[in-house]
Amino acid sequence: MKTLKYLFDRNLAWAASIKEKDPEFFSQLSRQQAPEYLWIGCSDSRVPANQIVNLPPGEVFVHRNIANVVVHTDLNCLSVVQFAVEVLKVKHIIICGHYGCGGIKAALENQEHGLIDNWLRHVKDVIRFNEESFKGLDHAEQLDLLCELNVKEQVTNICNTTIVQNAWKRGCELSIHGWIYNIENGILKDLGACITSDDMDF
Ligand code: CO
């Protein structure tokens, strides 16, 4: 049996360092969570939500999947969104992609990868919706562009969910943001794709 003891050692040291700064931290947090942000990002190990924005436990509700895709039939993602919006009442949903995304790269190329190709069809659709934009670009430029366009597409998708539409109809203060993270320098960029209920015509 492998027990990964070193990870438990790291956990004890981490919990101790937090309690040293704030002895009540965990007991207070255990009573409730009230995050203002829902983060939908890529599963990539280099893109950890809390660390990138330097927020402690309790501040960010998180859903991650390969290539940060919001699919209207994905009960997992939709359940996270519903809980975040209707129960936690988050004020912001952040869709965060990243440059150099392996999922996006795989969607751009015509190599078979098995099961995951079905998931990546959603990213291939983004290429189809924006075919003109890719003409004349080299592979690296196409990859960067697809990483960005995929975020914008997922922003549109989440805005069109019944959960977000109904939240806006109820007058909830809820903004949807499209961001991209650069794994080469650790810097986040806002893609200027923020949508609020003011942008909707009810
Ligand atoms: Co990725």
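Please refer to the structure higher up on the page.
Residues numbered from 1 in each chain as written. Predicted model: local features only at pLDDT ≥ 70, side-chain atom pairs only at ≥ 80, totals over all residues. Heavy atoms only, no water.

Q: Where do I start with the side chain of His 63 in this structure?
A: Assignment of secondary structure puts His 63 in strand S2 (residues 60–65). Judged by its relative accessible area of 6%, His 63 is buried. The contact partners of His 63, leaving out residues within four places of it in the chain, are Leu 38, Trp 39, Ile 40, Gly 41, Asp 74, Asn 76, Cys 77 and Val 80. (Helix = DSSP H or I, 4+ residues; strand = E, 2+ residues; numbered from the N terminus. Buried < 20%, exposed > 50% of the residue type's maximum accessible area, 1.4 Å probe, protein only. Contact = heavy atoms within 4.5 Å.)

Q: Could you clarify how one ought to interpret the environment of Leu 29 in this entry?
A: In this fold, Leu 29 is placed in helix H2 (residues 25–31). Distance from Leu 29 to Pro 57, taken between C-alpha atoms, is 8.2 Å for residues 28 residues apart in sequence. Discounting residues that sit within four places of it in the chain, Leu 29 has contacts with Pro 57 and Gly 58.

Q: Explanation requested: the coordination of the cobalt ion in the structure shown.
A: Around a metal, the ideal angle is 109.5 degrees if four donors adopt a tetrahedral arrangement and 90 or 180 degrees if six donors adopt an octahedral arrangement. The protein atoms that coordinate the cobalt ion are Cys 42 (SG), His 98 (NE2) and Cys 101 (SG), at distances spanning 2.0 to 2.3 Å. The sequence pattern formed by the donor residues of the cobalt ion is C-x55-H-x2-C. The exposure class of Cys 101 is buried, given its relative accessible area of 1%. (Donors = N, O, S within 2.8 Å, 3.2 Å for Na, K, Ca; no water.)

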